Amino acid sequence: MSALLLKLSGEALGGDAGFGIEPAVLKKLCADINNMLVHGCQLAIVLGGGNIFRGQGLAENGLDRVAGDRMGMLATIMNGLAMQDFLHSDGIISRIFSAVPIPGLVAGYERNEAKEALQSGHVVILCGGTGNPYFTTDTAACLRGIELGVDRVVKATNIDGVYSADPKLDPGATKYTTITYDEVVARELGVMDLTAIVMCKENNMPLVVCDINAEDTLVKIARGEHVGTRVVRGE
């Protein structure tokens, strides 16, 4: 039985518009998640919040970075609650934890409780980032994946893997089937922020980058098929 941590950006939940919460996207995700569970996969999900709030633009115009990051954490909690509600509607049992607990709304993250829920077959929803400013939800995903002992972290984006350049801007960009963490850093490919990449490398945590919109992508990963780009430690 494989255990995966799925990192979903907030923009992915916003559909084509990239903002707000698109019900059709959540319904498709729930169907994919159910298929993953049927194939015996244990699943944890870390959510971003960019579909609701992005602090970068406001920070450039005077908003304090710490305040902006805290607002972003709250946005991820909103996404987590929406995800849990859609999973519940599909009969999928889940537990939600937040690095920033809100009594009466969402429980605080506790590693042993989350791991027990994961091993019991619950979909574990993790929000609130790391609970600290200056750290991205990519870093939170790698951190939680390592803590929970999953087999790999899956970063679901709108591109089907890692390329030598942005394939939307450069038609000649080359897609990597497998690449090492050192190569990602050396070539400045921007797969994840540097903290997340180094954390995965030091803990030998494999990373898969794939297109969330491709047919059966998550199910294929749950079955162990090679999808997208695998980022590994190397020799």
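This text follows the structure it describes.
Residues numbered from 1 in each chain as written. Predicted model: local features only at pLDDT ≥ 70, side-chain atom pairs only at ≥ 80, totals over all residues. Heavy atoms only, no water.

Colleague: What exactly am I supposed to notice about the packing of aromatic side chains here?
Modeller: Aromatic ring pairs are reported here in terms of the distance separating the ring centres and the angle at which the planes meet. For the structure shown, the criterion picks out zero aromatic pairs. Geometry around Tyr109 places Arg144 over its ring, the cationic atom sitting 3.9 Å from the centre. (Phe/Tyr/Trp six-rings, centres within 6.5 Å; stacked < 30°, edge-to-face > 60°. Lys NZ or Arg CZ within 6 Å of the ring centre and 35° of its normal.)

Colleague: Even after reading the chapter, I still don't get the environment of Pro23, so can you show me in this structure?
Modeller: Structurally, the position occupied by Pro23 is in helix α2 (residues 23–38). Along the chain, Pro23 and Phe86 lie 63 residues apart, while their C-alpha atoms are 8.5 Å from each other. (Helix = DSSP H or I, 4+ residues; strand = E, 2+ residues; numbered from the N terminus.)

Colleague: Please explain the sheet that holds strand β9 (residues 178–180) as it appears in this structure.
Modeller: Read across the open sheet, the nine strands follow the order β4-β3-β5-β2-β1-β6-β10-β11-β9; overall the sheet is mixed. The sheet is open, and its two borders are formed by β4 (107–108) and β9, each paired with just one other strand. Inspection of the sheet shows strand β3 (residues 94–98) paired to β4 by two bridges, in the parallel sense. If you follow Phe97 over to β4, its bridge partner there is Ala107. Contacts from α2 reach β1 (3–8), β2 (42–47) and β5 (123–127), with the element oriented near 150° to β2. (Pairing = 2+ DSSP bridges. Contact = heavy atoms within 4.5 Å. Axes fitted to C-alpha atoms, helices over the stretch in contact; angles between N-to-C directions.)

Colleague: Looking at this structure, I do not really get the pattern of salt bridges. What am I missing?
Modeller: Pairing between side chains of opposite charge can happen when their charged atoms approach one another. Per the counting criterion, the structure on display carries 10 salt bridges. Measuring nitrogen to oxygen at the nearest pair gives 2.7 Å for the salt bridge that ties Asp182 to Lys201. Here Asp182, found in helix α7 (residues 181–186), pairs with Lys201, found in helix α8 (residues 194–202); they are 19 residues apart in sequence, far enough to count as distant. (Salt bridge = Lys/Arg side-chain N within 4 Å of Asp/Glu carboxyl O.)

Colleague: How should I be thinking about α2 in this particular structure?
Modeller: Since the α-helix advances by 3.6 residues per turn, residues separated by three or four positions end up pointing in the same direction. Along its 16 residues, α2 runs 23 Å from first to last C-alpha, staying within 8% of the 22 Å computed at 1.5 Å per residue. For α2, the set of buried residues is Leu26, Leu29, Cys30, Asp32, Ile33 and Met36. In this structure, the buried residues of α2 make contact with β1, α1 (10–13), β2, α4 (65–89), β5 and α9 (217–222). Positive backbone phi, approximately 85°, marks Gly40, located one or two places after α2. (Expected span 1.5 Å × (residues − 1). Buried < 20%, exposed > 50% of the residue type's maximum accessible area, 1.4 Å probe, protein only.)

Colleague: Help me out: how do you make sense of empty space enclosed by the protein in this one?
Modeller: Empty space left among the atoms is revealed by rolling a probe the size of a water molecule over them. What the rule picks out here adds up to one cavity of 30 Å³ or more. By volume, the largest cavity amounts to about 40 Å³. In this structure, the largest cavity is lined by Arg152, Val208, Ile221, Gly224, Glu225, His226, Val227 and Arg230. Residues that form the lining of the largest cavity fall into these classes: three nonpolar, two polar and three charged. (1 Å grid on protein atoms, 1.4 Å probe; cavity = no way out; pocket = protein on both sides within 12 Å on 5 of 7 lines; lining within 4 Å. Points joined across faces, edges and corners; volume = space filled by probe spheres on them. Nonpolar A, V, L, I, M, F, W, Y, C, P; charged D, E, K, R; others polar.)

Colleague: I'm lost on α4 in this one. Help?
Modeller: Its 25 residues place the ends of α4 37 Å apart at the C-alpha level, agreeing with the 36 Å of an ideal helix rising 1.5 Å per residue. Sitting at the head of α4, Asp64 places a side-chain oxygen 3.1 Å from the backbone nitrogen of Val66. Looking one or two residues past α4, Gly91 carries a phi angle of roughly 75°, positive in sign. (Polar contact = N/O pair within 3.5 Å; in protein donor to acceptor, adjacent residues only side chain to side chain.)

Colleague: What's the story with the pairing of β5 in this structure? I'm lost.
Modeller: Looking down a regular strand, the side chains alternate between one sheet face and the other. Summarising burial for β5: five of the five residues are buried, a large majority. Of the two faces of β5, the one holding Val123, Ile125 and Cys127 and the one holding Val124 and Leu126 are both buried throughout. For β2 and β5, the ladder comprises three bridges, and the chain directions are parallel. Each residue of the ladder has a partner; that of Ile45, found in β5, is Ile125. Of the strand pairs in this sheet, β3 and β5 are connected by five bridges, and their pairing is parallel. Bridge pairing in β5 places Ile96 opposite Ile125.

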